[in-house]
Amino acid sequence: MSVRFDLDPSVTPELRDGLLSLWADVSNAGGAVGFVPPVTPEEIRPDLLRHLTAMAEGRERLVAGRDADGRVLATAFLALNSHRLMRHWLWVYTVMVHPSLQGQGAGRALMDAVDDAARSIDGISGIRLTCRGGTGISRFYAACGYKEVGRVPGAIKVADDDFRDDITMWRELH
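Since the structure is predicted, the reported quantities are computational estimates derived from the model, not experimental observations. (Residues numbered from 1 in each chain as written. Predicted model: local features only at pLDDT ≥ 70, side-chain atom pairs only at ≥ 80, totals over all residues. Heavy atoms only, no water.)

(A) Structural context of the overall build of the chain. In terms of regular secondary structure, the chain is built from four helices and seven strands. What you see for the chain is a C-alpha radius of gyration of 15 Å, in line with the 16 Å of a compact globule of 174 residues. The 174 residues of the chain split such that 43% are buried. On the chain, roughly 9,100 Å² of surface is accessible, and the fraction owed to carbon and sulfur atoms is 50%. Here the chain holds 20 positive side-chain charges and 23 negative ones, and the gap between their average locations is 5 Å. (Helix = DSSP H or I, 4+ residues; strand = E, 2+ residues; numbered from the N terminus. Rg over C-alpha atoms; globule rule 2.2 N^0.38 Å. Buried < 20%, exposed > 50% of the residue type's maximum accessible area, 1.4 Å probe, protein only. Areas by Shrake-Rupley, 256 points an atom, 1.4 Å probe, with all protein chains shown as cover. Lys, Arg positive; Asp, Glu negative; His and termini not counted. Charge placed at Lys NZ, Arg CZ, Asp CG, Glu CD.)

Here it is, written out as structure tokens:
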């Protein structure tokens, strides 16, 4: 399936609903994007609204991947730093690819689109993200050029007896 990536797409009701559906599908398939299953789009809505508000205020940018019919299949939010000493890098949050596309190269294409988006922003020379340990996702990010630069053991609690490491990854843009 072909996925087209756009930076800063217009926020329409279709995009908003597509983001909610994707986020719920990824979460319910076990994706580490801030929730544990089961979760509904309505439970996710407040988190999405925080991202959309940050976008409207110019603090975040959105990379959205859609198919030919406009269905949202992949996303990443790029958060700009406001601190004067850290404006040369940005955060990437809520990196998602629809579960039906896992293993088909869509994740790598999304991360390439994130790199392109970051490079298009004046002064950005690095990308930072965090991921949940115990999922294997840090190996994926390493294959995309990120290196692990920090780890906080047990910082993420996904269940009463299940604590995961919070892993910080960094990518220098050249």
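From this point, the narrative continues.
(B) The arrangement of helix α3 (residues 106-119) in detail. If you check α3, its first and last C-alpha atoms are 20 Å apart, about what 14 residues at 1.5 Å a residue would give, namely 20 Å. Taken together, the buried positions of α3 are Ala 106, Gly 107, Leu 110, Met 111, Ala 113, Val 114, Asp 115, Ala 117 and Ala 118. (Expected span 1.5 Å × (residues − 1).)

(C) Inspection of the nonpolar core at higher detail. By size, the foremost hydrophobic cluster in this structure holds 29 residues, and its most contacted members are Leu 90, Val 92, Leu 110, Ile 127, Tyr 141 and Tyr 146. Top element by residues in this core is α3. It accounts for seven residues. Excluding anything up to four places from it in sequence, Leu 110 contacts Phe 5, Val 63, Ala 74, Thr 75, Ala 76, Val 95, Met 96 and Val 97. Leu 20, Trp 23, Val 33 and Phe 77 belong to the second largest nonpolar core, which has 19 residues in total. (Core = buried A, V, L, I, M, F, W, Y, C linked by side-chain atoms within 4.5 Å. Contact = heavy atoms within 4.5 Å.)

(D) Broad picture of helix α2 (residues 41-56). Over its 16 residues, α2 runs 21 Å from end to end, which matches the ideal 22 Å to within 8%, given 1.5 Å per residue. Remark: the principal bend of α2, roughly 30 degrees, maps to Asp 47. For α2, the set of buried residues is Ile 44, Leu 48, His 51, Leu 52, Ala 54 and Met 55. Structurally, α2 contributes buried residues whose contacts are with α1 (13-28), β2 (60-66), β3 (72-80) and β4 (89-97). In the stretch just after α2, Gly 58 is the one whose phi turns positive, near 80 degrees. (Bend = angle between axes of the 7 residues up to and from the residue.)

(E) Representation of the environment of Ala 143. Considering the arrangement of structural elements, one finds Ala 143 in helix α4 (residues 137-143). Here Ala 143 falls in the exposed class, since its relative accessible area comes to 52%. With 35 residues separating them in the primary sequence, Ala 143 and Arg 108 have C-alpha atoms 8.8 Å apart.

(F) Focus on the pattern of salt bridges. A complete count under the given rule lists 13 salt bridges for this structure. In this structure, the salt-bridge partner of Arg 61 is Asp 8, at a minimum N-O distance of 2.5 Å. Remark: Asp 8 occurs in the loop between β1 (4-7) and α1 and Arg 61 occurs in strand β2; sequence separation between them is 53 residues. Since its relative accessible area comes to 34%, Asp 8 is described here as partly exposed. Counted as one network, the salt bridges with shared partners bring together Arg 4, Asp 6 and Arg 66. (Salt bridge = Lys/Arg side-chain N within 4 Å of Asp/Glu carboxyl O.)

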